[in-house]
Amino acid sequence: MRLFIASPILFYDYASLKKDFSKVMEGKWVEETNLHLTWIFLGEQPSAAPWRERLRQLAPLGCPASLKGVGNFGDPPRIFHAKSKAKVLYRKAAEIRRMGFKHYRFTPHVTLCRIKRITNCRGYKELLETYREKIIGEIKTEIALYESDLCPNGAIYKKIEAVTT
């Protein structure tokens, strides 16, 4: 089983953002129903049972966290993402770490697209600036254990267990 712990996202207008950025870049967009903030990628596991038990010890996020602005990782850019600098996310990440979950350099983000190439660099930079201060969605308070099945058309996520308010 390929497992990860994540929080689902509410995106305010994903279609418009995709339309805007598709004019200046090519890539593989994440389906809106698959958008999430990953807390921990657990990788291949023999069973979900021990992770379900550990998840139950976590409290949900105290409040929704805003997604504000977009950016990219890589040089040249390879991952296009929505950002969040909400303090509640860093506090939750520290709590998760204290509970014995190991995660590597937590950077709160939601992957939106795997970039193949930027077709209009100037237009891309202008759109990044346009979206810099824009609140584009929120990270829900739920924290869930998911199974990820990799298929030719993309990953299929199945929620196994969740902690909610």
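Residues numbered from 1 in each chain as written. Predicted model: local features only at pLDDT ≥ 70, side-chain atom pairs only at ≥ 80, totals over all residues. Heavy atoms only, no water.

Trainee: Report on the nonpolar core, specifying residues and quantitative values.
Mentor: Among the nonpolar cores identified, the biggest contains 47 residues, and Phe11, Leu17, Phe21, Trp39, Phe80 and Leu112 are the most heavily contacted of them. Non-local contacts of leucine 112, meaning those with residues more than four positions away in its chain, are made with Phe11, Tyr14, Leu17, Lys28, Trp29, Val30, Leu35, Val70, Phe80, His81 and Ala82. (Core = buried A, V, L, I, M, F, W, Y, C linked by side-chain atoms within 4.5 Å. Buried < 20%, exposed > 50% of the residue type's maximum accessible area, 1.4 Å probe, protein only. Contact = heavy atoms within 4.5 Å.)

Trainee: I'd like a rundown of the pairing of strand E8 (residues 135-139), residues and numbers included.
Mentor: Bridge analysis of strand E1 (residues 2-11) against E8 gives 3 bridges, and the strand direction is antiparallel. Counterpart to leucine 10 in the pairing with E8 is glutamate 138. Bridge count for strand E4 (residues 65-68) against E8 is 4 bridges, and the pairing is antiparallel. Paired with serine 66 across the bridge in E8 is glutamate 138. (Pairing = 2+ DSSP bridges. Helix = DSSP H or I, 4+ residues; strand = E, 2+ residues; numbered from the N terminus.)

Trainee: How would you explain the packing of aromatic side chains if you had to name every residue and give the values?
Mentor: Throughout the structure, instances matching the rule amount to 12 aromatic pairs. An angle of 55° between the planes, with centres 5.4 Å apart, marks the rings of phenylalanine 21 and tyrosine 131 as tilted. With phenylalanine 21 in helix H1 (residues 14-22) and tyrosine 131 in helix H4 (residues 121-131), this pair connects stretches of sequence that are 110 residues apart. With a relative accessible area of 4%, tyrosine 131 lands in the buried category. Here the aromatic rings of tryptophan 29 and phenylalanine 80 are separated by 5.8 Å at their centres, their planes lie at 80°, and the arrangement is edge-to-face. Taken together, the residues tryptophan 29 in strand E2 (residues 25-29) and phenylalanine 80 in strand E6 (residues 79-83) connect sequence positions 51 residues apart. Look at tryptophan 29 and you get buried, because its relative accessible area is 12%. In this structure phenylalanine 80 comes out as buried when scored by relative accessible area, which is 0%. By way of ring pairs, the aromatic residues Phe11, Tyr14, Phe21, Trp29, Phe80, Tyr124 and Tyr131 are connected into one cluster. The ring centre of phenylalanine 101 lies 4.4 Å from the NZ or CZ of arginine 54, which sits over that ring. (Phe/Tyr/Trp six-rings, centres within 6.5 Å; stacked < 30°, edge-to-face > 60°. Lys NZ or Arg CZ within 6 Å of the ring centre and 35° of its normal.)

Trainee: How would you summarise the side chain of serine 84 if you had to cite specific residues and measurements?
Mentor: In this structure, serine 84 sits in the loop between E6 and helix H3 (87-98). Only 3.4 Å separates the side chain of serine 84 from the backbone nitrogen of alanine 86, close enough to count as a polar contact. Other than its neighbours up to four places away in sequence, serine 84 contacts Ala65, Ser66, Leu67, Leu89, Tyr90, Pro108 and Ile139. (Polar contact = N/O pair within 3.5 Å; in protein donor to acceptor, adjacent residues only side chain to side chain.)

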